[in-house]
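# Observations on chain architecture
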Amino acid sequence: MTGTSETRRADGRDRDTEGRARNARPRDGLGRPLPYGADGVERQPEGVVRAPEETVTEAQTLLDAGRPFHAHEVFEDAWKSGPQEERGLWRGLAQLAVGLTHAARGNATGGARLLRRGAGAVEEWTSGTGRPVRPYGLDLAELTIWARELAGAVERDGGRVDAAASSPRLRGRGA
């Protein structure tokens, strides 16, 4: 239970400090549960409210480290805590990170599906809001191209991708 606020109760159920069900098993770098007592990677704390720019920076750091599952958790925090009009953006970015997670785990079907779903959500948010294509420095056009290209490659090759090598540049190639 490295760095987490979960506990394993006497009845065998994992709960957070408020009593909500939460899996306390350690996780590997792609978010897969490991056996109790195994060394896992530090999990992202849940419910952290960050400025949007901080969300993007932290998610990029995690993506670069080959930890897209953890980047998804950062985006999920923004999705749940941010303004209603931005939830579609953050949800789409979380789906992109989960799609990369599945592709890195070798789940070609799920990875491709979530990458395309995330790309569609980001495009829908962009067209529906009239907001700039680069909110918070995010290169949304490049991200959707990246997602669709990776989805095609994952389906075509059917194999596992390297999460770090396949990660997108959230702020574009120059960032």
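Each remark here, short or long, concerns the structure printed above.
A brief report on the enclosed structure follows.

Basis of the calculations
Numbers given for residues are sequential positions, taken from 1 along each chain in its written order. Local features in a predicted model are, by the rule used here, given only for residues with pLDDT of at least 70; side-chain atom pairs are given and counted only at 80 or more, and totals for whole chains, interfaces and linings are based on all residues. Each side-chain value is derived from all of the structure's non-hydrogen atoms; neither hydrogens nor water enter the calculation. Only C-alpha atoms enter the line fits that serve as axes; for helices the fit covers just the stretch in contact. Angles between N-to-C directions range over 0 to 180 degrees. Helix and strand assignments come from DSSP, with helices taken as H or I runs of at least 4 residues and strands as E runs of at least 2, each series counted from the N terminus. For classification purposes, an angle smaller than 35 degrees is called roughly parallel, one larger than 145 roughly antiparallel, one from 65 to 115 roughly perpendicular, and anything else oblique. Left-handed describes a crossing whose near helix is turned anticlockwise from the far helix by less than a right angle; the clockwise case is right-handed. Residues are treated as being in contact if the distance between any of their heavy atoms lies within 4.5 Å. Amino acid classes used here: Ala, Val, Leu, Ile, Met, Phe, Trp, Tyr, Cys and Pro are nonpolar; Asp, Glu, Lys and Arg are charged; the rest, including Gly, are polar. Classification of residues uses two cut-offs on accessible area relative to the type maximum, computed with a 1.4 Å probe and protein chains only: under 20% is buried, over 50% is exposed, and between them is partly exposed.

### Regarding the packing of helix α3 (residues 87–105) against helix α4 (residues 108–129)
It is at 7 Å that the axes of α3 and α4 come closest, and there the two elements cross at 160 degrees. Regarding the angle of α3 to α4, the classification is roughly antiparallel. For the crossing formed where α3 meets α4, the hand is left-handed. The residues of α4 that touch α3, namely those facing G88, L89, R91, G92, L93, Q95, L96, V98, G99, L100, H102 and A103, are G110, G111, L114, L115, R117, G118, A119, A121, V122 and W125. Residues that form the contact of α3 with α4 fall into these classes: twelve nonpolar, eight polar and two charged.

### Comments concerning the side chain of H70
Along the chain, H70 turns up in helix α2 (residues 68–81). Residue classification places H70 among the buried residues on the basis of a relative accessible area of 0%. Excluding residues within four positions of it along the chain, H70 makes contact with D28, G29, G31, V41, E42, R43, Q44 and L62.

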